[in-house]
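Spelled out from the first residue to the last, the chains are:
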Amino acid sequence: MCRMIAPHATSAPASVRAVTKAVVPAAGLGTRFLPATKATPKEMLPVVDKPAIQYVVEEAAAAGLDDVLMVTGRHKRAIEDHFDNAFELEQALAAKGDTVRLDSVRDPARLANIHHIRQGEPLGLGHAVLCARRHVGDQPFAVLLGDDLIDPRETLLSRMLDVRDQYAGSVVALMEVDPEQIHLYGCAAVEATGEDDVVRVTGLVEKPSRRDAPSTYAVIGRYVLDPAVFDTLERTPPGRGGEIQLTDALQELAADGTVHGVVFDGLRYDTGDKADYLRTVVRLACARDDLGPEFTSWLKEFVTGLEDGTVDGRHRQAA
Ligand code: G1P
């Protein structure tokens, strides 16, 4: 069962693409990040000073997708609030004349037209996408997974939209990973096309063992899907982990030759993984104009201190 929640009306950037809608599944329990995620959705964990999910919505908006549907679960109220107006906070900041913070509070609700729907039961990613059917209708759409954060300097999603324009069908983002890691991902069997960064996907398997994996191409959390995926998902039985897997539905479409992959070798972070989360915060903090210079020089000193033994990395202390 999926339940619609009233959308937040916002201004949105104009788009000239055939694809205008993005779906962001955000119903997971975030068990990899307990206890931080006991009462806070994992998507709301801060990456520097913005919740992880805001980067995802900014990525969609930057690619011209001005309609974003969040598929949330219970305990995800904070996500709805974050992309809504915060009247009292805005009034207080306006009264102080603090326009910089006022803008930062208003920005999330201005990024796109944001809608929310609840995935009543945790039946898997495929089911979460199926929950978007009524909202998306009969048009291609993007899916962005909240745990995967693509560096804001990359243009992966725009490239995927171009590939959808060129080849039709569905497009997945692929990244070569260490064979030891492939069991954490959907894995694609691929054939070359004439283009360096585009492959034809001939098969997909969800989280295979290293031995059974057809390649080291991992599906990372960006998809541009043909609406045909909905009919396929309707008849997709529970797969790995007893969940309805998007990968299984795409495997059926791949058998018809209608799935392509964009091979990405840029910066991508898994913010659901603790070590990768920390790397994300450090990298993005270093890239910031306001924080980067000071933080980077502290970081260099800290690392030097770790190497020469003047800083003990096992204890809390200032470098
Ligand atoms: C999901 C997908 C998987 C994909 C991964 C990317 O898995 O099911 O195919 O490779 O996202 O992050 P999850 O990480 O949600 O278990």
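Here the residue numbering is sequential within each chain, running from 1 through the sequence in written order. Given that this is a predicted model, residues contribute local features only at a pLDDT of at least 70 and side-chain atom pairs are listed and counted only at 80 or more, while totals for whole chains, interfaces and linings are drawn from all residues. Remark: hydrogens and water are excluded; side-chain values derive from all non-hydrogen atoms of the structure.

### Observations concerning the overall build of the protein
Piece 1. In DSSP terms, a helix is any run of H or I states spanning at least four residues, a strand is any run of E spanning at least two, and both are numbered starting from the N terminus. Of the regular secondary structure elements, the protein holds eleven helices and 14 strands.
Piece 2. Over its C-alpha trace the protein gives a radius of gyration of 20 Å, about what one expects of a compact globule, namely 20 Å for 319 residues.
Piece 3. Counting all 319 residues of the protein, 48% fall into the buried class.
Piece 4. Surface accessibility follows the Shrake-Rupley procedure with a 1.4 Å probe radius. Residue values consider only the protein chains on display as shielding. For the protein, the accessible surface area stands at approximately 16,000 Å², while carbon and sulfur atoms represent 52% of it. The globule rule used here is 2.2 Å times the number of residues to the 0.38 power, and the radius of gyration it is set against is calculated over C-alpha atoms. Only protein chains enter the accessibility calculation, which uses a 1.4 Å probe; a residue whose area is less than 20% of its type maximum is buried, one above 50% is exposed, and one in between is partly exposed.

### Section: the site of the ligand
Piece 1. Here a residue is considered near a molecule or strand provided that any single heavy atom belonging to it is located within 4 Å of it. Close contacts around the ligand come from L125, L145, D148, Y185, G186, E206, K207, V219, G221, Q245, T247 and R268, and that covers them all.
Piece 2. Note that an oxygen atom of the ligand is positioned 2.8 Å from one of the side-chain N or O atoms of D148.
Piece 3. Two N or O atoms count as a polar contact when they lie within 3.5 Å, although within protein this holds only if one can serve as hydrogen donor and the other as acceptor, and sequence-adjacent residues are included solely when both atoms are side-chain atoms. Within the side chain of T247, a nitrogen or oxygen atom sits 3.2 Å from an oxygen atom of the ligand.
Piece 4. When the ligand sits alone it has 380 Å² of accessible area, and the protein chains cover 76% of it.

### Remarks on the environment of V24
Piece 1. Mapped onto the elements of the fold, V24 is located in strand 2 (residues 21-26).
Piece 2. We classify V24 as buried; its relative accessible area is 1%.
Piece 3. As a C-alpha pair, V24 and D81 span 57 residues in sequence and 16 Å in three-dimensional space.
Piece 4. Discounting residues that sit within four places of it in the chain, V24 has contacts with I53, V56, V68, L69, M70, V71 and L144. Contact between two residues is taken to exist if any of their heavy atoms lie within 4.5 Å; hydrogens are not considered.

### A closer look at the side chain of T37
Piece 1. Here T37 is to be found in the loop between strand 2 and strand 3 (46-47).
Piece 2. Given a relative accessible area of 7%, T37 falls into the buried group.
Piece 3. Engagement of the side chain of T37 in a polar contact is seen with the backbone nitrogen of L34, the distance being 3.4 Å.
Piece 4. Residues contacting T37, with those up to four places away along its chain left out, are L29, G30, K42 and L45.

### Here's the deal with the pattern of salt bridges
Piece 1. By definition, a salt bridge exists where a carboxyl oxygen of Asp or Glu is found within 4 Å of a side-chain nitrogen of Lys or Arg. Applying the stated criterion across every chain yields a total of 28 salt bridges.
Piece 2. Residue D107 is joined to R110 by a salt bridge in which the shortest nitrogen-to-oxygen separation is 3.2 Å. On the criterion of helical spacing, the pair formed by D107 and R110 is a turn pair, its members being three residues apart in helix 4 (residues 99-110).
Piece 3. With a relative accessible area of 32%, D107 lands in the partly exposed category.
Piece 4. By relative accessible area, which is 37% here, R110 ends up partly exposed.
Piece 5. Here D151 ties to R153 by a salt bridge, and the two come within 2.7 Å at their closest N and O atoms.
Piece 6. Classification of R153 as exposed rests on a relative accessible area of 55%.
Piece 7. A network of salt bridges, in which partner residues are shared, links R32, K42, D147 and D270.

Treat this as a map of the structure, not an account of what it does.
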